[in-house]
Amino acid sequence: QVQLVESGGGLVQAGGSLRLSCAASGRIFGVGVMGWYRQAPGKERELVAVITTGGTTNDADSVKARFTISRDNAKNTVYLQMNSLKPEDTAVYYCNAEVFRIHYWGQGTQVTVSS
């Protein structure tokens, strides 16, 4: 079993920054792509950004140039640096990790951006 523990969410004013972290533990040998998704009230969960073990990233158009995903493979941790936050970024942010083609999810962390 794989556990993902997220941290770093909170309340911030528009234009501010937050940094999310997600640490993987348990049976994590072979962890592959890690990433962040988000779900706003009344909307479907959507991709924010993902990163491979080699550092290749894929970001949603809505966050390009504002959010940066990174990872520390030695710590099995993925980060999401969020700058220039907008009210429409308000959502629950979920960490995701793929281990031998099985996807695991964190419990989610709330990010609220006030206008």
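Structural notes, computed from the coordinates.

The rules behind the values
- Residues numbered from 1 in each chain as written.
- Predicted model: local features only at pLDDT ≥ 70, side-chain atom pairs only at ≥ 80, totals over all residues.
- Heavy atoms only, no water.
- Pairing = 2+ DSSP bridges.
- Helix = DSSP H or I, 4+ residues; strand = E, 2+ residues; numbered from the N terminus.
- Axes fitted to C-alpha atoms, helices over the stretch in contact; angles between N-to-C directions.
- Disulfide = S-S within 2.5 Å.
- Buried < 20%, exposed > 50% of the residue type's maximum accessible area, 1.4 Å probe, protein only.
- Phe/Tyr/Trp six-rings, centres within 6.5 Å; stacked < 30°, edge-to-face > 60°.
- Lys NZ or Arg CZ within 6 Å of the ring centre and 35° of its normal.

Turning next to the pairing of strand E4 (residues 31-39). Moving residue by residue along a regular strand, the side chains alternate between the two faces of the sheet. The sheet contact formed by E4 and strand E9 (residues 91-99) spans seven bridges and is antiparallel. Within E9, the position partnered with Arg38 by the bridge is Tyr93. The pairing of E4 with strand E5 (residues 46-51) spans five bridges and is antiparallel. Directly across from Arg38, in E5, lies its bridge partner Glu46. Linking E4 back to E5 in an antiparallel pair, the connection comprises six residues, with Gly42 at a positive phi of about 80°.

What follows concerns the sheet that holds strand E1 (residues 2-7). Read across the open sheet, the four strands follow the order E1-E3-E8-E7; overall the sheet is antiparallel. Strands with a single pairing partner mark the edges of an open sheet, and in this sheet they are E1 and strand E7 (67-72). For this sheet, the mean inter-axis angle between neighbouring strands, taken without regard to orientation, is 15°. By the bridge criterion, six bridges tie E1 to strand E3 (residues 18-26) in an arrangement that is antiparallel. The residue bridging Glu6 from the neighbouring strand is Cys22, located in E3.

Here we come to the state of the cysteines. Going through the model one piece at a time under the given rule, you end up with one disulfide. Here Cys22 is linked by a disulfide to Cys95, with a sulfur-sulfur distance of 2.0 Å. Between Cys22 and Cys95, the disulfide has an S-S torsion of -80° and is therefore left-handed. In this pair, Cys22 is assigned in strand E3 and Cys95 in strand E9, connecting sequence segments 73 residues apart. Classification of Cys22 as buried rests on a relative accessible area of 0%.

If you walk through the whole model with that rule in mind, you get two aromatic pairs. Relative to Trp105, the ring of Tyr37 has its centre 5.1 Å away and its plane inclined at 65°; by these criteria the two rings are edge-to-face. Taken together, the positions of Tyr37 in strand E4 and Trp105 in strand E10 (residues 102-105) put the pair 68 residues apart, joining distant regions of the chain. Judged by relative accessible area, Trp105 falls into the partly exposed class, the value being 38%. The residue whose ring lies beneath Arg45 is Trp105, and the NZ or CZ to ring-centre distance is 4.6 Å.

Attention now moves to the pairing of E5. Of the strand pairs in this sheet, E5 and strand E6 (residues 57-59) are connected by three bridges, and their pairing is antiparallel. Note that in E6 the partner of Ala49 across the bridge is Asp59. Between the antiparallel neighbours E5 and E6 lie five residues, among them Gly55 with a positive phi of about 100°.

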